[in-house]
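Tertiary structure, described
What follows is the residue order along each chain.
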Amino acid sequence: MGRRGRLCAQGALLGATASLVFAAQAGAPDAAFDQNVGAFVKKNCAGCHNEQLKTAGLALTSYHDTASLLRDRAVWEKAVARIRAGEMPPKGLPRPKPDEIATTTAWIEAQFAAADEHPDPGHLTAHRLNRTEYNNTVHDLLGVRFKPAADFPADDSGFGFDNIGDALSVSPVLMEKYLAAAKKIAISAIPLAITAPKPTRERFSPEHGRNEERLELEHTFDLPAGGDYDLLATVSGRKEAFHIDLSLDGKPVQSSDVVISKDKPRLYQIHVHVPYGEHVLKAELTPREPSIEEVAVSEQLKAAEEKAIARQIARNPKDEAQIRLQHALGNVATYVDQLEVRGPFNALPAPLPESYHRVFICGHPIGQHNAKCVRTDLGALARLAFRRPVSNAEVARYTALVARAQTSGLSFEQAMRVGVEAILVSPNFLYRIERDPNPNGMKAHPVNDFEVASRLSYFLWSSMPDEELLRLAGEHKLSQPDVLHAQVRRMLADSKAEALVDNFAGQWLELRNLDSITPDPDQFPEFDNQLRQAMRTETEMFFSSVVHDDRSILDFIDGKYTFLNERLAKFYGIPGVKGKEFRRVDLDGTERSGVLTQASVLTVTSYPTRTSPVLRGKWILENILNMPPPPPPPGVGSIDAQAGVVKGTMRHQMEVHRANPTCAACHMRMDPLGFAFENYDAVGHWRTHEGAFPVDATGVLPEGKKFNGAAELKTILASNTDTFAECLTEKLMIYALGRGLEGYDRSATKKIVAGLAANDYRFSSLINGIVDSVPFRMGRGDGGNTE
């Protein structure tokens, strides 16, 4: 009898009790369910999957009727598959007869088929724009050159994403931020006069790790006007011989030596005339041979430092080790510390901002507007901001507001600012509101073309529909599949589709967590901010390649290529990659493929001091297999709760932990998946030993499949294509709809997965399947639910 069989046998008494509870709680009679499912569960499943044991987080005894079965359709589909495959009940326990299996599984699937005859698109609540969507929408609406939501409170998340309508509430603090942002945006968009700005200074000085090699630094500065500017770069760290080059927008503007000197500050600047707008300032260091004089100065500096250390040790001899460590920590390599721009001097009047022309489509310059401009300009702005046609009555409310502001003594431009602010704090702007023909009913209906345009743009761009989408919506053409698919192709080719990388991939693959990970610098001295960014860039470019090259989604599991620069290639031990630029690299013959062995994923699924098979196994269950484990039972100890260095190998520690029967059920699923990646340390570096012990990356999956290492596990995962396809489909559907999925969504997801299989699992097939689906193209009321 296997371990799982023993655990289930131990739960037989609990199972018998659960069966009595199961019968007592049945409530309204459902004879067909009880005959076809209830009796089968009582006889074959209740010993493990009862409400006391909840083996693998599953209590099949809690289902009492057909409606409850349909609500958790995914659970029962997986149960049917495992029963048919002979995986359940587990080895060592009595097995149901073939005719019993056939009768029960056929009845369950018949209920699914009957439900699919009447598809339910679900109900979408009014969807507040999250911070990213707000920034993008304001930028696309008015072309402002800043991110007004930067100081908004963090958005709540649900189902793994921060664009879930039910989770996006509005607090009093957020409402105050909306009002302040609207005012700031309106002031920026509508200047009262054309004046030359006064000189200011702007610095860029990102945090620098003590082990980080930063021989170049660049930043985009947004200059408020054309004029003369001082461009400066500061060098810090050890006194070493370098050459520094300053460039602006890729063109050299200054070149000089970084001289080894006792007193000379290492500040390099040039005074140049620069036009209005965004410009990239870059400083780059290259090593050079020091002069004889510099060698002498360097020796003097080293001698002075040794004397200073000796004096400190003489005063505190017991602290010698700490004193030397402090000096070593302070003795960082030479690096570019800061970029700075000062100015403008002799400034030219700033041109009217792009946002001014987007507000005043009438085309008149400042001071030459007339009464007709108010209705023309605010009507056009409201149409774009609300992402739909606006009525005359709606426009009249905003024109009346402007008229009252002028009556109170404000100038025309000041009054128009009031009108713009009012549009920007309207619920029609802050929310994506869809109007149900019967809000209190449950009847499905097609959403209108403007609502399709918004669903599509916020799905692919995290922003408002552009003019082409709105035009097609006005012509009622977005309901035509060929037109809709053409727009999907156009939108995915647009640079704004990088929102899928930043916002979907960033949350699905948990890349957003990479910034908060701080590996122990003593154990992983090679990890620094430069390597962190390279890790992120690799995964982002990989995801973007799958999108833009319309590759198979199975590449996420085992794609034999990636994108590397010299720093990350050296970290991976892959030769032949030179320079800072990322390029596609073939991975045949290496220990890496797909996203599972990319350093970004391996790092976010580790602790600062060590790997975590539990975190890595849980990540795979949630993001690749779509089988998230339940939370651990209360009061159960965890070695991961310590998140520190463990004694012996990680495998040994986990074997001790799994000896607890309460922990074993879930860890039997998680741990083998995580152990497959033990050849990769806590920052994703390849290793063959864990301390003094050889790495053991072997494992056995619950269904009996054996593997040795990540490559063999990925082969197993890639062979079960529909499991991953279903997982990614559900993740992307949640993101696209802005809500969690329900049992009634299963027919749509299964149809999309079938379409993927028929189209070589191309990414475009996944996107088209979602935008063609009933949940995406249709809606319904909430049945009068007031919660």
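Here, every reference points to the structure presented above.
Residues numbered from 1 in each chain as written. Predicted model: local features only at pLDDT ≥ 70, side-chain atom pairs only at ≥ 80, totals over all residues. Heavy atoms only, no water.

Some remarks on the overall build of the protein
The test is simple: Put simply, DSSP marks the helices as runs of H or I at least four residues long and the strands as runs of E at least two long, and each gets a number from the N terminus on. With a 1.4 Å probe rolled over the protein chains alone, any residue whose accessible area is under 20% of its type maximum counts as buried; one over 50% counts as exposed, and the rest are partly exposed. The criterion used for residue contact is that any of the two residues' heavy atoms lie within 4.5 Å. Counted as positive: Lys and Arg. Counted as negative: Asp and Glu, with His and the chain ends omitted from the count. The atoms used to mark charge sites are NZ of Lys, CZ of Arg, CG of Asp and CD of Glu.
From N to C terminus, the protein includes 32 helices and 18 strands. Principal axes of the C-alpha set define a box for the protein whose edges measure 90 × 80 × 45 Å. Going through the 787 residues of the protein one by one, you find that 49% of them count as buried. Long-range pairs, those at least 24 residues apart, make up 73% of the contacts in the protein with a sequence separation of at least 6. In the protein, which carries 90 positive and 100 negative side-chain charges, the distance between the mean positions of the two groups comes to 2 Å.

Structural notes on the packing of helix α19 (residues 498–508) against helix α29 (residues 721–737)
Threshold: For helices, the fitted line uses only the C-alpha atoms of the stretch in contact; every axis is such a line through C-alpha atoms, and the angle between N-to-C directions lies from 0 to 180 degrees. Small angles under 35 degrees read as roughly parallel and large ones over 145 as roughly antiparallel, with 65 to 115 read as roughly perpendicular and the rest as oblique. For a crossing to be left-handed, the near helix must be turned anticlockwise from the far one by less than a right angle; the clockwise case is right-handed. Residue type decides the class: Asp, Glu, Lys and Arg count as charged, Ala, Val, Leu, Ile, Met, Phe, Trp, Tyr, Cys and Pro as nonpolar, and the leftover types, Gly among them, as polar.
Direction vectors running N to C along α19 and α29 enclose 120 degrees, while the axes themselves pass 11 Å from each other. Put simply, α19 runs oblique to α29. Crossing hand, α19 versus α29: right-handed. Every residue of α29 that contacts α19 at Ala 499, Leu 500, Asn 503, Phe 504 and Trp 508 is listed here: Phe 724, Leu 728, Lys 731, Leu 732 and Tyr 735. Looking at the contact of α19 with α29 residue by residue, the class counts come to eight nonpolar, one polar and one charged.

So, the sheet that holds strand β4 (residues 227–236)
Quick reminder of the rule: DSSP bridges decide pairing: two strands pair if at least two such bridges lie between them.
Spatially, four strands are ordered β2-β9-β4-β7 in an open sheet, and the strand pairing comes out antiparallel. The sheet is open, and its two edges are formed by β2 (200–204) and β7 (267–274), each paired on a single side. Each strand axis lies, on average, 20 degrees off the axis of its neighbour in the sheet, ignoring direction.

A word on helix α13 (residues 392–407)
Spelled out, the test is: What a helix is expected to span follows from its residue count: subtract one and scale by 1.5 Å. Within this analysis, the arc is defined by the directions that extend from the helix axis to the C-beta atoms.
Taking 1.5 Å per residue as the helical rise, α13 with its 16 residues ought to reach 22 Å, and the 22 Å between its terminal C-alpha atoms agrees with that figure. Considered for burial, the residues of α13 that qualify are Glu 394, Val 395, Tyr 398, Thr 399, Val 402 and Ala 405. Summarising the axial view, the buried residues of α13 lie within an arc of 130 degrees, below the 170-degree limit, and thus occupy one face. Turned more than 90 degrees away from the buried face of α13 sit Asn 392, Arg 397, Arg 404 and Thr 407, all of them exposed.

Let's talk about the packing of aromatic side chains
Note the following rule: Only centres within 6.5 Å qualify two rings of Phe, Tyr or Trp (six-membered ring in Trp) as a pair; their planes then separate them into stacked at under 30 degrees, edge-to-face at over 60, and tilted for everything else. Two conditions define a charge located above a ring, namely a distance within 6 Å from the ring centre to NZ of Lys or CZ of Arg, and an angle within 35 degrees of the ring normal.
Under the counting rule described, the total for this entry stands at 26 aromatic pairs. When the centroid spacing of 4.6 Å and the interplanar angle of 45 degrees are considered together, the rings of Tyr 356 and Phe 360 count as tilted. A residue is classified by how much of its surface remains accessible, and Tyr 356, at 1% relative accessible area, is buried. By relative accessible area, Phe 360 is classed as buried at 2%. The ring centre of Phe 146 lies 4.7 Å from the NZ or CZ of Lys 184, which sits over that ring. Arg 592 extends its terminal NZ or CZ atom over the ring of Tyr 572, reaching a point 3.8 Å from the ring centre.

Looking at the side chain of Glu 730
Along the chain, Glu 730 falls in helix α29. Leave out the neighbours within four places in its chain, and Glu 730 touches Asn 626, Leu 741, Arg 746 and Thr 749.

Quick look at the pattern of salt bridges
This is how it is decided: What counts as a salt bridge is simple: a side-chain nitrogen of Lys or Arg found within 4 Å of a carboxyl oxygen of Asp or Glu.
According to the stated counting rule, one finds 40 salt bridges in the structure shown. Close ionic contact of Arg 358 with Glu 354 constitutes a salt bridge, the shortest N to O distance being 3.1 Å. Within this pair, Arg 358 and its partner Glu 354 are both found in helix α11 (residues 354–359), separated by four residues, close to a single helical turn. By relative accessible area, Arg 358 is classed as partly exposed at 30%.

Thoughts on the sheet that holds strand β8 (residues 277–287)
In spatial order, the strands read β3-β8-β5-β6; together these four strands make up an open sheet with antiparallel pairing. At either margin of the open sheet sits one strand with a lone partner, and together these are β3 (216–223) and β6 (251–258). Adjacent strand axes in the sheet meet at a mean angle of 15 degrees, parallel and antiparallel pairs treated alike. With eight bridges joining them, β3 and β8 adopt antiparallel strand pairing. Within the sheet, the bridge partner assigned to Glu 216 lies in β8 and is Glu 284.

Here's the deal with the packing of helix α17 (residues 467–474) against helix α18 (residues 481–493)
Closest axis-to-axis distance for the α17/α18 pair is 12 Å, and the angle between their directions is 175 degrees. Between α17 and α18, the angle falls in the class roughly antiparallel. Along its contact with α17, which presents Glu 468, Leu 469 and Leu 472, the element α18 presents Val 483, Gln 487, Arg 490 and Met 491. The residue makeup of the contact of α17 with α18, split by class, is four nonpolar, one polar and two charged.

Here's the deal with the pairing of strand β12 (residues 561–564)
Burial along β12 is two-sided: the residues Tyr 561 and Phe 563 and Thr 562 and Leu 564 are all buried. Sheet analysis places β12 next to strand β13 (residues 583–586), joined by four bridges and oriented antiparallel. Following the sheet pairing, Phe 563 is matched in β13 by Arg 584.

Remarks on the environment of Thr 518
Considering the arrangement of structural elements, one finds Thr 518 in the loop between α19 and α20 (529–548). For Thr 518, a relative accessible area of 55% puts it in the exposed group. Thr 518 sits 86 residues away from Val 604 along the chain, and the two C-alpha atoms are 9.8 Å apart.

Describing the state of the cysteines
Our working rule: Here, a disulfide means two cysteine sulfur atoms that sit within 2.5 Å of each other.
A complete count under the given rule lists zero disulfides for this structure. A disulfide-free cysteine, Cys 45 has its sulfur positioned 8.7 Å from the sulfur of Cys 48, the nearest such atom. Cysteine Cys 362 is unpaired, with the sulfur of Cys 373 as its nearest cysteine sulfur at 3.5 Å.

With respect to unusual backbone geometry
With an omega of 5 degrees, the peptide bond between Gly 343 and Pro 344 qualifies as cis. Inspection of the secondary structure assignment puts Pro 344 in strand β9 (residues 335–345). A positive phi angle, close to 60 degrees, is found at Asn 626, a residue other than glycine. Relative to the helices and strands, Asn 626 is located in the loop between α24 (613–623) and α25 (639–642). Its identity is not glycine, yet Tyr 761 carries a phi of approximately 60 degrees, on the positive side. By relative accessible area, Tyr 761 is classed as buried at 11%.

Observations concerning the environment of Gly 165
As for its placement among the helices and strands, Gly 165 is situated in the loop between α7 (131–142) and α8 (172–189). Take Gly 165: its relative accessible area is 8%, and that puts it in the buried class. Gly 165 sits 511 residues away from Ala 676 along the chain, and the two C-alpha atoms are 37 Å apart. Contacts of Gly 165, omitting those with residues within four sequence positions, involve Thr 125, Ala 126, His 127 and Gly 738.

Comments concerning the environment of Asn 708
Along the polypeptide, Asn 708 turns up in strand β17 (residues 706–708). Note on Asn 708: relative accessible area 47%, which makes it partly exposed. Asn 708 sits 62 residues away from Ile 770 along the chain, and the two C-alpha atoms are 36 Å apart.

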